[in-house]
Amino acid sequence: MLLPAVCIVWQTAMIILFGVFIRYNEEADPHWVEHRHTNNISSDIENDFYYRYPSFQDVHVMIFVGFGFLMTFLKRYSFGAVGFNFLIAAFGLQWALLMQGWFHSLDYTDGKIKIGVESMINADFCVAGCLIAYGAVLGKVSAVQLLVMTLFGVTLFAVEEYIILNVVHARDAGGSMVIHTFGAYYGLSISWMLYRPNLDQSDRLHGSVYHSDVFAMIGTLFLWMFWPSLNSAITDHGDGQHRAAINTYLALAATVLTTVAISSLFQKHGKLDMVHIQNSTLAGGVAVGTAAEFMLMPYGALIVGFCCGIISTLGYVYLTPFMEKYLKIQDMCGIHNLHAMPGVIGGIVGAITAASATESVYGVEGLINTFDFEKDFKDMVPSRQGGHQAAGLCVALCFGLSLQPPLNVTTEKAQ
Amino acid sequence: MLLPAVCIVWQTAMIILFGVFIRYNEEADPHWVEHRHTNNISSDIENDFYYRYPSFQDVHVMIFVGFGFLMTFLKRYSFGAVGFNFLIAAFGLQWALLMQGWFHSLDYTDGKIKIGVESMINADFCVAGCLIAYGAVLGKVSAVQLLVMTLFGVTLFAVEEYIILNVVHARDAGGSMVIHTFGAYYGLSISWMLYRPNLDQSDRLHGSVYHSDVFAMIGTLFLWMFWPSLNSAITDHGDGQHRAAINTYLALAATVLTTVAISSLFQKHGKLDMVHIQNSTLAGGVAVGTAAEFMLMPYGALIVGFCCGIISTLGYVYLTPFMEKYLKIQDMCGIHNLHAMPGVIGGIVGAITAASATESVYGVEGLINTFDFEKDFKDMVPSRQGGHQAAGLCVALCFGLSLQPPLNVTTEKAQ
Amino acid sequence: MLLPAVCIVWQTAMIILFGVFIRYNEEADPHWVEHRHTNNISSDIENDFYYRYPSFQDVHVMIFVGFGFLMTFLKRYSFGAVGFNFLIAAFGLQWALLMQGWFHSLDYTDGKIKIGVESMINADFCVAGCLIAYGAVLGKVSAVQLLVMTLFGVTLFAVEEYIILNVVHARDAGGSMVIHTFGAYYGLSISWMLYRPNLDQSDRLHGSVYHSDVFAMIGTLFLWMFWPSLNSAITDHGDGQHRAAINTYLALAATVLTTVAISSLFQKHGKLDMVHIQNSTLAGGVAVGTAAEFMLMPYGALIVGFCCGIISTLGYVYLTPFMEKYLKIQDMCGIHNLHAMPGVIGGIVGAITAASATESVYGVEGLINTFDFEKDFKDMVPSRQGGHQAAGLCVALCFGLSLQPPLNVTTEKAQ
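Residues numbered from 1 in each chain as written. Chains lettered and ligands numbered in written order. Predicted model: local features only at pLDDT ≥ 70, side-chain atom pairs only at ≥ 80, totals over all residues. Heavy atoms only, no water.

> Describe in detail the overall build of chain A, supporting the description with residues and values.
Looking only at helices and strands, one finds 16 helices and three strands in chain A. Here chain A has a C-alpha radius of gyration of 21 Å; the compact-globule value for 415 residues is 22 Å, and the two agree. With respect to the three principal axes, the spread of C-alpha positions in chain A is 65 × 55 × 35 Å. Relative to its full complement of 415 residues, chain A shows a buried share of 69%. (Helix = DSSP H or I, 4+ residues; strand = E, 2+ residues; numbered from the N terminus. Rg over C-alpha atoms; globule rule 2.2 N^0.38 Å. Buried < 20%, exposed > 50% of the residue type's maximum accessible area, 1.4 Å probe, protein only.)

Laid out in structure tokens, this is it:
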């Protein structure tokens, strides 16, 4: 009886809060026509909708199909993975629109939050952070606990995102820090809190069966294919977005080869461990997230992907068992290997790439556009920006590790 | 031998009819370059193709993957569902291009139908109506009967659509009335005509098995994710399309929570009935269809989704068994809960939203653009538009309930 | 130990070659802003990225999900099909960026290859050619052999593509000749080289099982749905792209009906052979590839689809067993029926359509844009263009049939 009550009450609360706070932004408002005339916008297609909507749909697919099916590789939780993923995401994105709206799109003239397609993309990003966390505790928590995790997670995410992007002024196009580092450590710290000694490792990472494997590959492939859209969805128009897509495409390609290499190295007669193929092949997309819109250069993207494929696969082989045995952290889907480590690497790569930016490479205008050296940051220089990026990574780590919802009191409710 | 003959003969007829009637519209014609110069169109991207094509692809995915896989939850018909869905859709969209073309894109200067990407979207919409109907009789009819159903259905659809949109001048961006209400009642009246007492309920709605469930979730998720594209695909450029996407996204999110709530309320120890999750979570997208492009407001979209999740799930619990037992209507996929009721609700919501439109909310130009108060409808006012919307709903109901193809004579051919 | 070594060494080589040769093109470069000003480009959306990116994502889905899952219909190789497909594609597209870049996007001012989103689409096309070839030898070769096949295949593809498009000046929007004809015959000649008498036919084409069938339908549907994007992805902006999408959409629809007709004709009590539905329904997309951007006319597209559905299905019934028995060519996935024959038909249709082009149909500017009668081809006329198209087809056949990697020496390595 708890689940129905929570769903109904929370959804009712959402309706009230949306009624009070949420309105359409000017591009989704019928006054758009006058708005265009007054602002000399030549055509409807200049509406941000036409730049962003295709990317939004790609990201949406990653959140619901990608994350949902990827987690089905744990045969015991196959269906639960898809179903709970659906419930969490549907609740999370409503809460995210409010939370992120208060920080990013609050219109002070009337005290309303103005939402558009870009808000929907950001809400999906925010939900992604929570779904990553869910990967650590899959099968250990009840639906209600997941909803509580999501409520806390989205709130923390919105605050952390605001601090990293607006206060620290770090750039994070693909969310290596904001989404992956935060989400993974948030989930791992909850998993540590909910440690259950009787959970059998063999039921989990090595518990995949043939059909679950093919279902999981659906998730893997949809994440892999649309990752360029994820990393380029909210970058600046034009060259930044173009670059972000290319870098992600290349990094992911390199990751596949090194993942296959390391995986077959550790299996008898060169067979592949499906868990590696399903997860580690995505590590490159995580690690290239922050620097995707910078001048990482194609070979830089390949190097990042190359390293992450190796590190992530080795993580599954050595680190996950070690963490469970000695640190009492049960990482059901191995998110530490797919999100945490690559996320941290991504933050570092971003800091280095930003610090080494020069006017000769970016051009004067390009440097200002790419790093958003405007308004309060007119005096910013690349070297300092590198420091800000590093600071952003620390903020993500602190938020992920320091705060958890009080779930342990309700553990016995876990199915 | 009947199926091959019908396929070959009908496809041959299509080729002849296309040869006589169908041509490219001016945006798909090589004279486009001159057309641009003479009409001062600044760039190729002003071609409707670039506004519409991504939405077309999303809708296309909903028709073929969404509908196809959603129906696989009936384990006995799994493959048949995907395969027949494929056949019907492939035939239906050719017939739809002709039927809708005669009403909507006939060029009176040369008596040809001019097609473009928007025609393809409309053809997919038309096919969707027939696939909904197919959901009511799944497993009871042969492939040939399905083709006959489609031939009749598409024809009725085109007439009904023309009357609702052009004669009655109702607006129906997402097709709550035109597609869902019509399609569902068309299918249900055929199902009533083909009543088979020996069909065992337990083989059907409760007949889902594990793998069928995961396959069906593929269909559910692809329908759920791309529904914002469906409802915004043929709306006006700019703000209307933007708004339609936001409203649909919100309504669907709310539906998921209430569906989970009601479903777990009626199951032992709070488990979920997969049939509810696979179907009722989509009801919000149906019900927000007509009003999606209006100023429904974000909280309005959430309220619509909230109610439909509850109504649709209760429909599966109480109404479907009742209809079968007392009304002799066998609803194999529960389309009355997913399409019929939400479709009617959508029509009513649309009528209310239109009737309550004001110039202060829409602005003068916005009101004219949104409700298309032009040409013969210069004197139209929102209150009257509300009446026209209600009239449109009645037309959809009449067409759905009154006319069926004479399938009962061929029932014994059903596999 | 061979596979890991090859993956690591080749990926390292890629990094070095990318470092030396690959840079971003001007649209992905931060100097884009200045570039826009100097070239009077009005808005960021004029960036080719916004024309091409959605098509790129659709093509990307076809390569990874479409090809990957389509091949799962062979139950013995289900997983291997998806996994190896993933590995080959990830390696192939890096090598393709280099190979195609040297021919198409080499900037002679600085000797660098400038890549953008269009390069990524072309790389995916190139990979598609190799994946088609892979379909002929599925289950007969090891991962390392597949990588060698890909290395050779991509290299041949780049040379062949350059000769056909730039030397012979044939047009091939959808790659009927460049991708399908070449890829299929390349694969078949390798399969002939690796003939294994002990392979049992019954394990293969007729070896599909229920779940494999539904998985394979995922591949079929994603290929079928996104084929209009494939054929229109790199056509000229505006009308050409619009036309390519419409023609492909129509050809594919017609193919489904004739495939179902012929398939049910050869089965007992009108049942369908799933292998036909999964493969032959796509033949129309292949055959309309070259002529898609020409004035094929809607009925022309239907006729092409109509014929290919019949030819391709008959190929599975008669030709594939014949080829194995008498020509010692084992065609595991029947690529001769899905790619080779339709590809050749596509080349012929393209030649005829080009030869019969007239100024009255295309307009003066239209004729020049569609067939690219510019620069060195100012004196070109449609009749001659038809001859060049035919020449292009011959080049594709020669490349496909004449050159194979020396795999037979390593056959015993096949798993």
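> Tell me about the relation of the copies chain A and chain C, residues and numbers included.
Here chain A sits on chain C after a turn of 120 degrees about the axis and a move of 0.0 Å along it, with an RMSD of 0.0 Å. Both copies are brought into coincidence by an operation consistent with a three-fold rotation axis. It is A:Pro54 whose C-alpha, among those of chain A, lies nearest the rotation axis, at 3.9 Å. Of all interface residues in chain A, a mere 10% are interface residues in chain C too; the two copies therefore contact each other through different surfaces. (Least-squares fit on C-alpha atoms with pLDDT ≥ 70 in both. Contact = heavy atoms within 4.5 Å.)

> Explain the interface of chain A and chain C residue by residue, including any values.
A common way to state how big an interface is: give the accessible area lost once the parts meet. Counting residues at the interface gives 60 residues for chain A and 59 residues for chain C. Roughly 5300 Å² is buried in total at the junction of chain A and chain C, and carbon and sulfur atoms are behind 78% of that figure. Of all residues in chain A, A:His242, A:Tyr249 and A:Leu257 bury the most surface against chain C, accounting for 15% of the area lost on that side. Taken together, chain A and chain C are joined by zero salt bridges. Scanning the region where chain A abuts chain C turns up 12 residue pairs in polar contact (both at pLDDT 80 or more). Among the secondary structure elements, those contributing two or more residues to the side of chain A that touches chain C are helix H3 (48-70), helix H8 (210-232), helix H9 (239-265), helix H10 (274-279), helix H12 (298-327), helix H14 (359-362) and helix H15 (364-371) of chain A. Among the elements that line the side of chain A that touches chain C, the one with the most residues is H9(A), at 18 residues. Its residues assigned to classes, the side of chain A that touches chain C shows 38 nonpolar, 16 polar and six charged. (Buried area = accessible area lost by both parts, 1.4 Å probe. Salt bridge = Lys/Arg side-chain N within 4 Å of Asp/Glu carboxyl O. Polar contact = N/O pair within 3.5 Å; in protein donor to acceptor, adjacent residues only side chain to side chain. Nonpolar A, V, L, I, M, F, W, Y, C, P; charged D, E, K, R; others polar.)

> Just give me the short version of the relation of the copies chain B and chain A, but keep the residues and values in it.
If you rotate chain B by 120 degrees and push it 0.0 Å along the axis, it lands on chain A with an RMSD of 0.0 Å. The share of interface residues of chain B whose copies in chain A are also at the interface is only 10%, consistent with the copies meeting through different surfaces.

> How would you sum up empty space enclosed by the protein? Please name residues and give values.
All chains considered together, the criterion is met by 14 cavities of 30 Å³ or more. Empty space within the largest cavity amounts to approximately 290 Å³. Lining the largest cavity are 23 residues, and of these A:Tyr50, A:Pro54, B:Tyr50, B:Pro54 and C:Pro54 lie nearest its centre. Every element with two or more residues in the lining of the largest cavity is listed here: H3 of chain A, helix H3 (48-70) of chain B together with helix H3 (48-70) of chain C. Taken together, the residues of the lining of the largest cavity sort by class into 18 nonpolar, five polar and no charged. A volume near 210 Å³ is recorded for the second largest cavity. Lining the second largest cavity are 17 residues, with A:Asp58, B:Asp58, B:Phe226, C:Asp58 and C:Phe226 sitting closest to its centre. (1 Å grid on protein atoms, 1.4 Å probe; cavity = no way out; pocket = protein on both sides within 12 Å on 5 of 7 lines; lining within 4 Å. Points joined across faces, edges and corners; volume = space filled by probe spheres on them.)

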